Amino acid sequence: MSDLPRRAVTRTVKLAALPLGYAGRATWGLGKRITGYSADLVGTELQQRTAEQLFKVLGELKGGAMKLGQALSVFESALPEDLAKPYRAALTKLQEAAPPLPAATVHAVLAERVGEDWRDLFEEFEDRPAAAASIGQVHRAVWHDGRVVAVKVQYPGAGEALVSDLNQLSRFSRLLGPMVPGMDVKPLITELRDRITEELDYGLEADAQRAYAEEFADDPDVVVPHVVYQADQVLVTEWLEGTPLSEVIAEGSQEDRDRAGQLLARFLFGGTARTGLLHADPHPGNFRLLSDGRLGVMDFGTVDRLPDGLPPTIGTALRLTLDGEAEEVYSLLREEGFVKESIELDPDAILEYLLPIIEPASVEEFEFSRGWIRDQAARIADRRSPAHQLGKQLNLPPEYLLIHRVTLSTIGVLCQLKASVRMRDELEGWLPGFLDEEEDEGAGTKVPLSK
């Protein structure tokens, strides 16, 4: 593969292979059952083949196809175990790796964007990529001053590939939807498409990463690599050595899981409060657990600019819900547009809908688990349940869409980690409105976790 498959017709055919391929495998499975194989055996093999094709197609296409795969991968913990198992490995692969572009293509991009003498900037440059993501791949190198660096090179044609993919994937959203019970995939695809321009601009990414790196310089809990060099479609940052969060999820000790989970929650709320930027791509491939216990954070291509931090409405609504103030919660949600003027709802029913979801904020320490998030997803997805009926009547204002997705994604990762997290501590320390005005005066500082 010398380049991204850029022609819309080529990419459409490959994406269309997902539902068509599933139909073909279902027919194959029926044939096997007719010839005497058990339903369980055939079902498992069918799901495994589907998972393998999902990774192959989304990984090779990269662009928006792979980005959607990465976004979905953090929600796999919400799936019932019999469905999740065959998809888990395939989707998790998308967090860390994908079929790489050839070295010749990478060299051509560097020559065009940096200059024919691009090699003079490096003492060493490894042609084999260390990681491949949705719109670019990363190479390990040594900068001319001796620093080990990560060189992110954008795939040729990434922009048009993103647009083509997300337009086509929206047509298949019903097929993908059942993979994430309780979540409508189509708005996710629309929101990803709206972020295309920003993510393709490595200048914007460099600015966001500089802001984070400056704020977190010498931080006892979080490390953000400094930007070393930036050009069109090329970004060079300090190299971050550590254990990928996907490995912590797969085989980490409980101590490491708990620490990574606590710091991930701290970064979500504290990072936004301190920088005015929300890191909006919280899949495990963007995080490392360093040997000194700190959390390393990468990839600032997608951020939400919130100069005043997270909206106080979120913290206030959480506090009022936990206090059982149904009428006040209802009034606030209506004022902010979560309940449209044309709809009347029962305030007590809204409280019953919200309380199970915000359980992690109601206790001193909460043990996140796949079972808990599956229960939440099933409760909201069940068309017969009051929660499902009420949820259909609630509205998500556009300004909260990305915040909502990032929060759900982070919770999905915490459940994959099976981490015990003092979530309430982070909310009290960083989320505006969560404490009342008198309590809130001391918020905004956190004691480092013990190593």
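If you're wondering where the values come from, they're calculated on a predicted model, not measured in any experiment.

**Section: the overall build of the protein chain**
Move 1: In terms of helices and strands, the protein chain carries 20 helices and 14 strands.
Move 2: Out of the 451 residues in the protein chain, the part that is buried amounts to 54%.
Move 3: Considering only residue pairs separated by 6 or more positions, the protein chain has 70% of its internal contacts joining residues 24 or more positions apart.

**Digging into the sheet that holds strand β10 (residues 287–289)**
Move 1: The sheet built from four strands is open, its strands ordered β5-β11-β10-β8 with mixed pairing. Two strands bound the open sheet, and with one partner strand each, they are β5 (222–223) and β8 (243–244).
Move 2: Here two bridges tie β8 to β10, and the two strands are oriented antiparallel to one another. Note on β10: the bridge partner recorded for T243 is L289.

**As for helix α18 (residues 398–417)**
Move 1: Taking 1.5 Å per residue, 20 residues should reach 28 Å; α18 reaches 30 Å between its end C-alpha atoms and fits that length.
Move 2: In terms of residue burial, α18 counts as a mostly covered element, since 14 of its 20 residues are buried.
Move 3: Count one or two residues on from α18 and you reach K418, which has phi positive near 55 degrees.

**Considerations on helix α13 (residues 312–322)**
Move 1: Among the residues of α13, T313, G315, T316, A317, L318, L320 and T321 are the ones counted as buried.
Move 2: Here the buried face of α13 lies against α14 (326–336), α15 (347–354), α18 and α19 (423–430).

**Side note on the packing of aromatic side chains**
Move 1: Within the structure shown, the criterion is met by 14 aromatic pairs.
Move 2: Measuring from ring centre to ring centre gives 6.0 Å for Y212 and F216, while their planes differ by 10 degrees; the resulting arrangement is stacked.
Move 3: Since its relative accessible area comes to 4%, F216 is described here as buried.
Move 4: Above the face of the Y202 ring, K152 is positioned so that its terminal group lies 5.3 Å from the ring centre.
Move 5: Sitting over the ring of F216, R274 keeps its end group 4.0 Å from the ring centre.

**Some details on empty space enclosed by the protein**
Move 1: The tally for this structure, following the rule as stated, stands at five cavities of 30 Å³ or more.
Move 2: The volume enclosed by the second largest cavity comes to roughly 50 Å³.
Move 3: Lining the second largest cavity are L264, F267, L268, L278, H279, P282, F287, V406 and T410.
Move 4: At the level of secondary structure, the elements contributing two or more residues to the lining of the second largest cavity comprise α12 (254–275), β9 (277–279) and α18.
Move 5: Sort the elements by how many residues they give to the lining of the second largest cavity and α12 lands first, with three residues.

**What about the pairing of strand β7 (residues 234–238)?**
Move 1: Taking burial as the measure, the five residues of β7 include four buried ones, the bulk of the element.
Move 2: Note: strand β4 (residues 148–154) against β7, five bridges, orientation antiparallel. Of the residues in β7, the one forming a bridge with K152 is L235.
Move 3: Across four bridges, strand β6 (residues 227–231) lies against β7 in antiparallel orientation. Of the residues in β7, the one forming a bridge with V227 is T237.
Move 4: The loop that links β6 with its antiparallel partner β7 comprises two residues; one of these, Q233, has a positive phi angle of about 70 degrees.

**Let's talk about the nonpolar core**
Move 1: With 50 residues, the main nonpolar core has F267, F368 and L417 as its most contacted residues.
Move 2: Apart from the residues within four sequence positions on either side, F368 is in contact with P360, I411, L414, C415, K418, A419, V421 and M423.

Reading guide: rules and limits
- Residues numbered from 1 in each chain as written.
- Predicted model: local features only at pLDDT ≥ 70, side-chain atom pairs only at ≥ 80, totals over all residues.
- Heavy atoms only, no water.
- Helix = DSSP H or I, 4+ residues; strand = E, 2+ residues; numbered from the N terminus.
- Buried < 20%, exposed > 50% of the residue type's maximum accessible area, 1.4 Å probe, protein only.
- Contact = heavy atoms within 4.5 Å.
- Pairing = 2+ DSSP bridges.
- Expected span 1.5 Å × (residues − 1).
- Phe/Tyr/Trp six-rings, centres within 6.5 Å; stacked < 30°, edge-to-face > 60°.
- Lys NZ or Arg CZ within 6 Å of the ring centre and 35° of its normal.
- 1 Å grid on protein atoms, 1.4 Å probe; cavity = no way out; pocket = protein on both sides within 12 Å on 5 of 7 lines; lining within 4 Å.
- Points joined across faces, edges and corners; volume = space filled by probe spheres on them.
- Core = buried A, V, L, I, M, F, W, Y, C linked by side-chain atoms within 4.5 Å.

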